[in-house]
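The chain contents come next:
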Amino acid sequence: MTDDTALSTHIDEPSMTAGETEMLLFALDRSRAQFAWKSGGLDADALRRTQPPSTLTLAGLLKHLALVEELYTLDFSGKPPGPPLDAPEAATDPDWAWRSAADDTPAELYALWKGTVERSRAAMAKALADGGLDQPAKYRTDEHGTAPNLRRIIVDLHDEYARHVGHADLLREAIDGLVGEDPPQ
């Protein structure tokens with residue numbers, strides 16, 4: 001595994017009596033670590049490998065989750081996504097991340113995902129310090145104009161990872177036989 005394909009899989013276990021914020025962040029970071037373990041350290045061929053009839057790839061998952069991190073971060077940071085996630089197609093084509101990932105190198109995909117996770121963690125920490133879990137999103141609203149609170153955004157982001165960690169688990173097992181629930185610590 002080279003430095004540009006290595007992803008952190010460290011999990012900081014909270015105490016058994018941790019509060020709500022600490023547990024929500026732990027659940028999200030645990031899912032991120034599981035995803036990093038299942039998608040990290042692979043070359044371009046492995047990242048682009050499909051399991052027919054599905055066209056899903058680990059490369060697509062990396063770029064998709066980077067975009068999702070940026071979109072959820074926007075709700076509490078106010079900062080729009082940066083390149084390449086600011087491409088017009090990213091906002092208008094729901095398949096853009098999945099399709100365009102095939103053109104990216106492993107180093108680009110890993111750096112993109114790591115960077116969005118770092119920005120998300122920093123923005124989330126700042127938002128939590130500035131108003132806690134009950135503060136409303138700055139941009140997103142539902143069809144009735146109601147903004148979700150930060151608690152809901154964290155839960156939704158965790159759910160996105162939970163869904164895709166299962167996909168990554170199956171794809172990675174087919175690539176090199178890696179199985180397991182949590183990365184070795």
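Residues numbered from 1 in each chain as written. Predicted model: local features only at pLDDT ≥ 70, side-chain atom pairs only at ≥ 80, totals over all residues. Heavy atoms only, no water.

**Thoughts on the environment of E20**
So, point 1. Relative to the elements of secondary structure, E20 occurs in helix α1 (residues 20-39).
So, point 2. According to the relative accessible area criterion, E20 is partly exposed, its value standing at 45%.
So, point 3. Separated by 113 residues in sequence, E20 and L133 place their C-alpha atoms 9.2 Å apart.
So, point 4. When sequence neighbours within four positions are dropped, the list of residues in contact with E20 reads L133 and R151. (Helix = DSSP H or I, 4+ residues; strand = E, 2+ residues; numbered from the N terminus. Buried < 20%, exposed > 50% of the residue type's maximum accessible area, 1.4 Å probe, protein only. Contact = heavy atoms within 4.5 Å.)

**A word on helix α3 (residues 58-77)**
Quick reminder: α-helices carry 3.6 residues per turn. Residues three or four places apart thus point the same way.
So, point 1. An ideal rise of 1.5 Å per residue puts 28 Å on 20 residues; α3 measures up with 28 Å between its terminal C-alpha atoms.
So, point 2. Counting buried residues along α3, 18 of its 20 residues qualify, which places the element largely inside the surrounding structure.
So, point 3. Among the residues trailing α3, G78 stands out with phi positive, at a value near 80 degrees. (Expected span 1.5 Å × (residues − 1).)

**Focus on the packing of helix α6 (residues 106-131) against helix α7 (residues 150-176)**
So, point 1. Look at α6 against α7: their axes get within 12 Å of each other, and the N-to-C directions meet at 155 degrees. In terms of axis orientation, α6 runs roughly antiparallel to α7. Once α6 is placed against α7, the crossing between them reads as left-handed. Facing α6, whose interface residues are W113, V117, S120, M124, A127 and L128, α7 presents L150, I154, L157 and Y161.
So, point 2. Of the residues contributing to the contact of α6 with α7, the split by class is nine nonpolar, one polar and no charged. (Axes fitted to C-alpha atoms, helices over the stretch in contact; angles between N-to-C directions. Parallel < 35°, antiparallel > 145°, perpendicular 65-115°, else oblique. Left-handed = near helix turned anticlockwise from the far one by under 90°. Nonpolar A, V, L, I, M, F, W, Y, C, P; charged D, E, K, R; others polar.)

**Overview of the packing of α1 against α6**
So, point 1. Between α1 and α6, the least distance of the axes is 13 Å, while the angle of their chain directions is 175 degrees. Relative to α6, the element α1 is oriented roughly antiparallel. Residue-level inspection shows T21, L25, L28, D29, R32, F35, A36 and S39 of α1 in contact with α6, the latter providing Y110, W113, V117, S120, R121, M124 and L128.
So, point 2. Classifying every residue of the contact of α1 with α6 by side-chain character gives nine nonpolar, three polar and three charged.

**Points about α1**
So, point 1. Between its first and last C-alpha, α1 extends 29 Å over 20 residues, near the 28 Å set by a 1.5 Å rise per residue.
So, point 2. Burial in α1 covers these residues: L24, F26, L28, S31, R32, A33, Q34, F35, A36, W37, K38 and S39.
So, point 3. Structurally, α1 contributes buried residues whose contacts are with α2 (44-48), α3, α6 and α7.
So, point 4. Positive phi shows up at G41, right after α1, with a value of about 75 degrees.

Take it as geometry only, folks, not as evidence of what the structure does.
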